[in-house]
Amino acid sequence: MEILDKNVAAEVADKLLEIQAIRLQPEKPFTWASGWKSPIYCDNRLSLSFPKVRKMIKDQLVRSIQHYFPTVEAIAGVATAGIPQGALLANDLDLPFIYVRSKAKGHGMENMIEGKVVPGQKVVVVEDLVSTGGSSLKATQDLLDAGFEVLGMVAIFSYGFDVAKQNFDKAGVKLVCLSHYEAMLPRAVERKYITNDTLESLSEWRKDPASWKQ
């Protein structure tokens, strides 16, 4: 995983904290669908409701694509949260847009990919959040199976799990994020969302989320 710019990573983390797209509750952890206890909940869809934040994120994702994937020919959003972000990017870049469902539609054309499928077309995948990378990489594989050439993926935020890095490396997919957990923690301390006393616990969670607070 690569970060576009350390200053951008801090700014994005700051804005996500400010609009409560990132919420931190180390003393009253959230429970994920996997059963993991987590001190953080991240919902980047909230950024869509804040025009200045939405534009800042869109502009930096555009910059990421132009820098890392200049030969891109189409943008692919991952359903559901990657769809609006991807559509914004495709509009700015004047490129075709498609999106990938989590599972094939059960009626009509039973599509997995919505939009015009052009085998050989070079696409960049757009995600809002990367945790372990499982669902993101499934979408990437669906695009490959449909005949697309996947250049890589851009995302707003990543938890920075080692397992995600391993999964992306194994799949051979380049991941570029605007911000991540490591960049967010010092901003959360500075803004007094958390204290230095809880910082160690939050740092430990990222190293071993499956057994944290078990």
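Residues numbered from 1 in each chain as written. Predicted model: local features only at pLDDT ≥ 70, side-chain atom pairs only at ≥ 80, totals over all residues. Heavy atoms only, no water.

Draft legend 1. Just helix H4 (residues 134-145), in detail. Across its 12 residues, H4 extends 16 Å between first and last C-alpha, which sits within 8% of the 16 Å expected from 1.5 Å per residue. Along H4, the residues classified as buried are Ser136, Leu137, Ala139, Thr140, Asp142 and Leu143. In the core, the buried residues of H4 are packed alongside strand E6 (74-78), strand E7 (97-100), strand E8 (113-114), strand E9 (122-130), strand E10 (149-158) and helix H5 (162-171). (Helix = DSSP H or I, 4+ residues; strand = E, 2+ residues; numbered from the N terminus. Expected span 1.5 Å × (residues − 1). Buried < 20%, exposed > 50% of the residue type's maximum accessible area, 1.4 Å probe, protein only. Contact = heavy atoms within 4.5 Å.)

Draft legend 2. Seen up close, the environment of Ile83. In this structure, Ile83 sits in helix H3 (residues 82-93). By relative accessible area, which is 22% here, Ile83 ends up partly exposed. For Ile83 and Arg63, which are 20 residues apart along the polypeptide, the C-alpha to C-alpha distance reads 18 Å. Look past the residues within four positions of Ile83 in its chain and what remains in contact with it is Gly77, Val78, Phe97 and Tyr99.

Draft legend 3. Fine view of the nonpolar core. Counting residues in hydrophobic clusters, the biggest one holds 44 residues, and the most contacted among them are Phe157 and Met184. If you tally residues by element for this core, the top one is helix H2 (residues 51-68), at 7 residues. Listed in part, the 20 residues of the second largest apolar core include Ile98, Val100, Val150 and Ala155. (Core = buried A, V, L, I, M, F, W, Y, C linked by side-chain atoms within 4.5 Å.)

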